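Listed below, chain by chain, are the residues.
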Amino acid sequence: MDRVSAFDEPLRKLLGGATAKVMADHLDLHTVGDLLHHYPRRYEERGRLTALTDLPLDEHVTVVAQVADARVMMFNNGRGKRLEVTLTDGSGRLQLVFFGHGVHKPHKELLPGRRAMFAGKVSVFNRRMQLAHPTYQLLDVEDTDEATEAVDAFAGRLLPIYPACKQLDSWRIAKAVDTVLPGAQEAVDPLPPRLLEGRGFIPLPEALLKIHRPRTKEDIAQARDRLKWDEAFVLQVALARRRYSDTQLPAVARRPRPDGLLDAFDAKLPFTLTEGQQKVSGEIFDDLAAEHPMHRLLQGEVGSGKTMVALRAMLGVVDAGGQAAMLAPTEVLAQQHHRSITDMMGELAEGGMLGGSEHGTKVVLLTGSMGTAARRQALLDLVTGEAGIVIGTHALIEDKVQFHDLGLVVVDEQHRFGVEQRDALRSKGKQPPHLLVMTATPIPRTVAMTVFGDLETSVLDQLPAGRSPIASHVVPAKDKPHFLSRAWERVREEVESGHQAYVVCPRIGDDAEDEAAGGKGKKKAPEEDAEKRPPLAVLEIAEQLSRGPLAGLRIEVLHGRMNPDDKDDVMRRFAAGQVDVLVATTVIEVGVNVPNATAMVIMDADRFGVSQLHQLRGRVGRGSAAGLCLLVSEAHEASPARARLSAVAATLDGFELSRIDLEQRREGDVLGQAQSGVRSSLRMLTVIDDEEVIAAAREEAAEVVAADPELEHLPALRTALDALLDKEREQYLDKG
């Protein structure tokens with residue numbers, strides 16, 4: 001077998017069809033190489049008991065523990081049997097439960113004092129953690145062949161515990177790894193020999209052997225060091241090549257002319273820019289003056305003045321004879337940006353019109369729902385160059401939209417836009433336009449890419465004067481229903497003192513949505529139903545509040561399926577103070593600015609991500625009065641969801657929250673399109689803990705690529721790069 005093909009061998013040839021199918025469907029493992037890179041999550045030492053005290057709720061776990069007691073209980077007038085087994089590890093206890101015909105075997109085998117490995121999904125019953133119908137493997141029986149084999153396999157060894165799934169336990173994955181482990185000898189080492197010797201790493205085949213079947217803790221440490229470095233280095237080479245090719249692209253340098261539009265705008269500003277805004281603007285204008293495309297991420301707290309910085313960059317490009325486009329994720333937001341930008345610019349946004357400034361330019365809006373006449377005029381203004389600035393949704397990307405000379409693309413809220421969409425807009429320039437991406441909370445993929453140094457980064461971490469503090473609290477609606485009643489009282493108090501409030505729900509609640517969500521799906525068990533009720537909906541909650549706790553207040557709804565004019569009308573009336581409470585979906589998440597809104601209640605808050613909650617919360621406390629954000633949840637106190645909400649309530653620092661988000665969700669596939677998921681191209685590396693490894697790998701990669709951009713003298717590294725960047729991913733990376 002040649003060296004490359006051993007890793008490419010399909011698993012079904014070696015493991016049989018059924019096991020290979022489960023691995024493909026549930027763990028995304030298809031080849032020998034995939035399985036060899038499916039590393040153990042942790043290791044158990046034989047003779048040491050695992051900690052039962054901090055098991056994650058709703059996750060599939062493997063534990064090694066001892067049976068403390070086991071008893072059969074009768075129920076349903078003696079017609080039903082239930083076996084309850086209590087495990088112990090010295091630190092805590094865990095309940096196992098088996099029903100019906102599944103009781104007999106474990107009743108004979110799981111005797112007090114016995115040790116075994118157990119695998120199952122952690123749930124809560126009667127406020128106690130339990131595993132229902134776990135699979136198990138005994139570790140201390142004497143007689144059977146299987147037991148001898150188990151003891152031989154694990155005696156004196158570190159037991160690898162693999163990321164598993166309901167259909168395939170950790171120890172079955174371990175057996176499959178044993179089958180393919182000889183293939184590790186075929187691993188092609190991607191590291192240049194100089195680097196391998198210089199850093200004292202063990203060879204790759206040895207690292208794979210030691211990570212899966214370590215004899216000592218030193219084995220694990222050596223293997224991890226080597227495998228982490230490989231991931232960081234190969235990824236950094238991919239990014240370094242991308243950065244290198246970016247510098248080879250031509251772009252038009254855009255330098256603002258003195259006494260032009262930008263100077264006229266600055267002269268009429270009623271306030272001075274913060275120190276941070278001035279510094280970041282400097283970085284952006286330096287990039288715009290270069291003859292290769294800017295590729296910059298502007299990250300700042302909610303309300304730190306990113307729009308002002310982006311607008312000044314756009315005005316600078318217009319001064320230099322080009323056009324600038326701002327891409328917003330929703331129509332509501334595009335309209336709001338258009339309104340706030342034309343307000344900030346005043347007569348400068350009326351170029352060519354009566355009463356407009358001589359320096360001015362036209363600022364046009366382009367969205368999918370515009371009338372034909374307005375749309376035709378906007379398209380005409382873009383192609384003739386009459387409009388220097390356009391603000392729009394993905395309608396900007398359509399083939400019909402032509403620019404006179406597109407010089408800068410500003411993308412608001414990176415995580416709402418696909419890379420393909422950004423790329424389509426960039427391709428509308430005669431030469432690649434400069435790109436500025438704005439994000440209010442660095443989300444995992446952004447944080448990961450930032451640490452990996454793919455985008456140049458600017459940070460705004462000062463809030464402008466006049467922003468008020470926001471108090472955040474978790475409201476446990478299930479455990480303490482009176483807390484929820486108090487939440488509605490607080491909303492009423494805010495309204496009575498002349499302020500306004502938002503109530504946010506995860507769902508709209510109309511028939512179209514329920515059908516789209518597969519409302520006609522298969523029937524669930526009643527206990528599953530109770531656990532998994534549908535998320536709360538805008539239309540239902542608005543009705544309940546109007547009839548109940550907020551009766552008499554002026555309540556309106558806002559969601560994405562409303563007619564755009566109706567949406568705009570509701571937002572206008574809310575901004576004008578004619579609506580007391582706005583019950584909405586996350587359409588209000590970004591850019592909505594109503595300084596008089598001081599309170600926000602987020603229903604089913606555990607259904608939202610950390611970044612989203614932080615974004616939503618940023619809609620209150622925008623004026624002189626303090627803000628209040630109440631996170632309502634029925635999640636169990638010990639669940640990861642509640643831990644997430646407590647973290648959001650505990651800090652207003654978006655950068656801190658993005659780290660928490662990253663720790664909880666992992667990086668997702670840094671090179672793939674999913675922002676989080678089972679499979680990550682990072683198996684060993686964690687962005688949070690390994691920043692030093694990443695920084696060192698980045699330096700080495702930059703040197704390697706500078707010396708040999710095509711990697712002609714490093715064929716093994718090219719092979720590793722091809723494996724990492726299949727065609728789809730390579731395009732994704734190229735589009736950035």
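For clarity, every value in this text was computed on a predicted model and none was experimentally measured.

K.L.:
Just give me the short version of the sheet that holds strand β20 (residues 597-602), but keep the residues and values in it.
P.N.:
Across the sheet, which stays open at both edges, the six strands sit in the order β16-β21-β20-β17-β19-β18 with parallel pairing between neighbours. Edge strands, defined here as strands with exactly one partner in the open sheet, are β16 (470-476) and β18 (555-558). Between one strand and the next, the sheet's axes are offset by a mean angle of 20°, whatever the strand orientation. With four bridges joining them, β18 and strand β19 (residues 581-584) adopt parallel strand pairing. Bridge assignment links Val557 to a residue of β19, and that residue is Val583. Here helix α22 (residues 564-575) sits on the sheet in contact with β17 (500-504), β18, β19 and β20, set at roughly 135° to β18. Its contacts with the sheet put helix α23 (residues 610-617) on β16, β17, β20 and β21 (627-633), and the angle it makes with β20 is roughly 150°.

K.L.:
An account of the confidence of the model for the protein is requested, with residue identities and associated values reported.
P.N.:
Here the protein averages 82 in pLDDT, and 83% of its residues register 70 or above. Throughout residues 515-531 the model reports pLDDT below 50, and contacts reaching past four residues in sequence, or to other chains, amount to four contacts.

K.L.:
So, the pattern of salt bridges: which residues are in play, and what are the values?
P.N.:
This model, assessed by the stated rule, comprises 35 salt bridges. The salt bridge partner of Asp230 is Arg226, with a shortest N-O separation of 2.8 Å. Linking Asp230 with Arg226, this pair stays in helix α10 (residues 217-248), spanning four residues, or about one helical turn. Notably, a salt bridge pairs Asp568 with Arg572, separated by 3.2 Å at the nearest N-O pair.

K.L.:
Give a description of a negative patch on the surface that names residues and reports values.
P.N.:
There is a patch of like negative charges on the surface, built from Asp461, Asp653, Glu656, Glu663 and Asp689. One can find Asp653 in the loop between α24 (640-650) and α25 (654-665).

K.L.:
Got a sec to walk through the sheet that holds strand β11 (residues 362-366)? Specific residues and values, please.
P.N.:
Read across the open sheet, the seven strands follow the order β11-β12-β10-β13-β14-β9-β15; overall the sheet is parallel. Each edge of the open sheet carries a strand with a single partner, namely β11 and β15 (456-460). For this sheet, the mean angle separating the axes of adjacent strands, direction not counted, is 20°. As judged from the five bridges shared by strand β9 (residues 295-300) and β15, these two strands associate in the parallel manner. Bridging from a neighbouring strand, Leu297 pairs with Thr457 of β15. On top of the sheet, helix α12 (residues 275-288) reaches β9, β13 (406-412), β14 (434-439) and β15; it is set at about 160° to β15, its chief contact. Set on the sheet, helix α15 (residues 372-384) makes contact with β10 (323-327), β11 and β12 (387-392); between it and β11 the angle comes to about 130°.

Basis of the calculations
Residues numbered from 1 in each chain as written. Predicted model: local features only at pLDDT ≥ 70, side-chain atom pairs only at ≥ 80, totals over all residues. Heavy atoms only, no water. Pairing = 2+ DSSP bridges. Helix = DSSP H or I, 4+ residues; strand = E, 2+ residues; numbered from the N terminus. Axes fitted to C-alpha atoms, helices over the stretch in contact; angles between N-to-C directions. Contact = heavy atoms within 4.5 Å. pLDDT = per-residue confidence, 0-100. Salt bridge = Lys/Arg side-chain N within 4 Å of Asp/Glu carboxyl O. Patch = residues over 30% accessible without salt bridge, like charges linked within 9 Å, V, L, I, M, F, W, Y side chains within 5 Å. Areas by Shrake-Rupley, 256 points an atom, 1.4 Å probe, with all protein chains shown as cover. Lys, Arg positive; Asp, Glu negative; His and termini not counted. Charge placed at Lys NZ, Arg CZ, Asp CG, Glu CD.

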